[in-house]
Amino acid sequence: MKIASKKELIKFIKKHGFVMIGGAKHEKWSNGSYTLLLPRTDKDFSRMMAQRLIKEAGLWEEYQK
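## A closer look at the nonpolar core
1) Next: Formed by 16 residues in total, the largest nonpolar core has its most connected members in Leu 9, Ile 13, Leu 36 and Leu 38.
2) Next: Of all the elements in the fold, those that place two or more residues in this core are helix 1 (6–15), strand 3 (35–39) and helix 2 (47–56).
3) Next: Per element, the largest residue contribution to this core is 4 residues, and it comes from helix 1.
4) Next: Ignoring sequence-local partners within four residues, the contact set of Leu 38 consists of Leu 9, Ile 10, Ile 13, His 26, Glu 27, Trp 29, Phe 45 and Leu 53.

## Here we look at the sheet that holds strand 3
1) Next: Across the sheet, 3 strands lie side by side as 1-2-3; this open sheet has antiparallel pairing. Both edges of this open sheet fall to strand 1 (19–22) and strand 3, since each of them pairs with a single strand only. Adjacent strand axes in the sheet meet at a mean angle of 40° when their direction is disregarded.
2) Next: Both strand 1 and strand 2 (residues 26–30) contribute to a ladder of 3 bridges, which runs antiparallel. By the bridge assignment, Val 19 is partnered in strand 2 with Ser 30.

## Here we look at the side chain of Gln 51
1) Next: Among the structural elements, Gln 51 can be located in helix 2.
2) Next: Judged by relative accessible area, which is 17%, Gln 51 ranks as buried.
3) Next: Those residues in contact with Gln 51, other than ones at most four positions away along the chain, are Trp 60 and Tyr 63.

## Here's the deal with the pattern of salt bridges
1) Next: Evaluated as defined, the whole model comprises 3 salt bridges.
2) Next: Across the pair Glu 27 and Lys 6 runs a salt bridge whose closest N-O atoms are separated by 3.2 Å. Highlighted residues: Glu 27 in strand 2 and Lys 6 in helix 1, separated in sequence by 21 residues. In this structure, Glu 27 and Lys 6 share a single accessibility class: buried.
3) Next: Glu 56 is paired through a salt bridge with Arg 52; the nearest N and O atoms lie 2.3 Å apart. In this pair, Glu 56 and Arg 52 are both assigned in helix 2, 4 residues apart and thus about one turn of the helix distant.
4) Next: Its relative accessible area of 32% is what places Glu 56 among the partly exposed residues.

Definitions and cut-offs
- Residues numbered from 1 in each chain as written.
- Predicted model: local features only at pLDDT ≥ 70, side-chain atom pairs only at ≥ 80, totals over all residues.
- Heavy atoms only, no water.
- Core = buried A, V, L, I, M, F, W, Y, C linked by side-chain atoms within 4.5 Å.
- Buried < 20%, exposed > 50% of the residue type's maximum accessible area, 1.4 Å probe, protein only.
- Helix = DSSP H or I, 4+ residues; strand = E, 2+ residues; numbered from the N terminus.
- Contact = heavy atoms within 4.5 Å.
- Pairing = 2+ DSSP bridges.
- Axes fitted to C-alpha atoms, helices over the stretch in contact; angles between N-to-C directions.
- Salt bridge = Lys/Arg side-chain N within 4 Å of Asp/Glu carboxyl O.

Put into structure tokens, the structure is as follows:
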């Protein structure tokens with residue numbers, strides 16, 4: 001799967017158990033054991049930024065499938 005937009009990134013992390021728990025300048029997403037901070041922006045993330053966030057969330061192996 002290749003992430004091309006912020007919307008696709010959010011869909012991917014939701015699929016893997018993350019839920020939004022609020023935030024101000026960043027959106028906070030948690031799966032119960034890890035909290036991921038996504039910059040609150042209207043723009044899409046670059047491919048490298050999306051990959052870094054996926055690695056932070058511990059979902060890199062799922063992303064590679």
